[in-house]
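Descriptive analysis of the structure
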Amino acid sequence: MSGKGSFQDLLVVELASVLAGPSVGQFFAEMGATVIKVENLRTSGDVTRSWKLSTEPPEAQVSAYFASANWGKQSVCVDLTSQEVREALYSIIKKADVVLVSFKPGDAEKLQMDYERLSTMNSSLIYGHVTGYGKDVPRAGYDAVLQAEAGFMYLNGEPDGPPVKMPVALIDLLAAHQLKEGMLAALYLRERTGKGQYVEVSLLRTAIASLANQATNFLVAGKAPERMGSEHPNIVPYGTVFKTADHKELVLAIGDDRQFKTLCQVLGAPELADRPEFRSNKDRVRHRSELKPLLKELIAGQERESLLQTLIDNHVPAGAVHTIPEALRQPLAQPQILSSQGMLGVRQIAFQVAGGPELTIDRPPLLGQHTWHVLTAVAGLKEEQLHELAQNQLIYPYSP
């Protein structure tokens with residue numbers, strides 16, 4: 001890490017794996033914090049290290065999945081069931097500002113890494129906990145299961161098709177954002193009071209909160225939402241995908257009547273906006289089945305890029321349906337692409353701070369790469385202690 005970020009003096013200990021917790025850890029790393037990722041020696045570290053595509057080289061030491069959420073961290077690989085190892089970690093946690101965990105309820109207590117214990121050592125510690133169903137439900141949370149249980153899979157897909165999971169771990173990522181918010185609020189409060197805090201985010205609560213208007217559509221209007229493909233239940237045409245003359249796809253996101261009127265003018269059919277069944281959004285929602293084929297025919301006669309540019313010039317919300325390679329090649333996406341020694345990734349930070357420092361970030365760590373350094377420099381262990389722990393197979397046997 002180089003440069004000085006907003007959290008350059010912050011020490012974060014990450015006892016989390018997979019995606020939600022590690023995404024929060026990478027956020028802090030990108031903001032300049034020192035992030036020590038503690039990995040389980042008994043399971044060969046974070047499980048995502050082994051989640052490789054069939055096209056990834058078998059000898060690759062860092063998987064693409066692991067690289068999605070672990071830039072800028074130091075890896076310490078130890079056996080947490082060892083009291084001697086725990087004592088070393090306690091020495092680090094006493095100096096830490098933040099601890100991130102993703103233990104299922106009860107496991108933190110078994111490993112003696114729960115908030116109640118750690119806060120007695122460090123009263124200003126902020127402890128962020130990602131759970132599946134809350135701190136009192138001893139059930140592990142898995143994104144695909146939560147997408148199903150919270151209604152996302154039921155809503156996703158075409159009307160005549162089966163439920164479909166989102167192609168990314170959406171609930172994990174939303175939970176990471178909610179945990180960031182909670183941690184930042186806790187850090188702000190600590191500045192005023194000096195006291196730490198326990199912050200818990202569950203995947204289920206995150207998912208339910210993220211149903212947004214789909215939930216209130218049911219709670220207020222009493223109608224259970226149904227699968228609509230990419231259509232929007234409250235706005236028309238919004239999310240609708242159309243094919244152009246050059247066999248490319250674009251999406252419309254018309255949010256008000258003025259935009260719809262301009263769309264019709266651009267498409268050479270201004271009279272469409274004056275028809276009673278399409279004049280207002282309320283009318284268009286009622287008559288979406290009549291409107292969609294009319295727009296489909298008009299758009300099918302135009303080339304995508306020229307039509308999109310005209311729509312954009314006239315402030316009509318529309319965009320191309322991109323493949324992932326196309327999305328990543330966009331000029332505006334380039335600042336989010338991470339690169340280091342042949343390793344590529346995407347920044348977790350999706351915002352800019354005016355006048356903020358430019359930071360570079362180290363590539364994702366190899367398993368246990370920093371174990372000896374951290375236990376010496378931060379925990380204060382002696383060289384002979386490390387050799388003894390390694391001999392007893394309690395720490396990763398990597399020595400610089």
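Here's a quick rundown of the structure. What you see is a predicted model; the values in this text were computed from it and never measured.

What follows is about empty space enclosed by the protein. Under the counting rule described, the total for this entry stands at 1 cavity of 30 Å³ or more. The calculated volume of the largest cavity comes to roughly 40 Å³. Along its surface, the largest cavity is lined by Glu231, Val236, Pro237, Thr240, Phe242, Arg288, Leu291, Lys292 and Leu295. Counting residues per element, the ones that place at least two in the lining of the largest cavity are β7 (238–243) and α12 (288–300). Examining the composition of the lining of the largest cavity, we find that 4 residues originate from one element, α12, more than from any other. Split by residue class, the lining of the largest cavity holds 5 nonpolar, 1 polar and 3 charged.

We now examine the sheet that holds β7. Reading across from one edge, β7-β8-β9 is the order of the 3 strands in this open sheet, with antiparallel pairing throughout. With partners counted over all chains shown, the strands left at the sheet margins are β7 and β9 (318–320), one partner each. For this sheet, the mean inter-axis angle between neighbouring strands, taken without regard to orientation, is 25°. Bridge count for β7 against strand β8 (residues 249–253) is 4 bridges, and the pairing is antiparallel. Paired with valine 241 across the bridge in β8 is valine 251. In the packing of α12 onto the sheet, contacts are made with β7 and β8, and the angle to β7 comes to roughly 45°. Sitting on the sheet, helix α13 (residues 304–313) touches β8 and β9, and the angle it makes with β9 is about 150°.

Now for the nonpolar core. Residues Phe7, Leu10, Val12, Phe28, Val98, Leu179 and Met183 are the most contacted members of the largest nonpolar core, which totals 39 residues. If you tally residues by element for this core, the top one is helix α7 (residues 170–193), at 7 residues. Of all hydrophobic cores here, the second largest spans 36 residues; its members include Ile93, Leu125, Leu381 and Ile395.

What counts and how
Residues numbered from 1 in each chain as written. Predicted model: local features only at pLDDT ≥ 70, side-chain atom pairs only at ≥ 80, totals over all residues. Heavy atoms only, no water. 1 Å grid on protein atoms, 1.4 Å probe; cavity = no way out; pocket = protein on both sides within 12 Å on 5 of 7 lines; lining within 4 Å. Points joined across faces, edges and corners; volume = space filled by probe spheres on them. Helix = DSSP H or I, 4+ residues; strand = E, 2+ residues; numbered from the N terminus. Nonpolar A, V, L, I, M, F, W, Y, C, P; charged D, E, K, R; others polar. Pairing = 2+ DSSP bridges. Axes fitted to C-alpha atoms, helices over the stretch in contact; angles between N-to-C directions. Contact = heavy atoms within 4.5 Å. Core = buried A, V, L, I, M, F, W, Y, C linked by side-chain atoms within 4.5 Å. Buried < 20%, exposed > 50% of the residue type's maximum accessible area, 1.4 Å probe, protein only.

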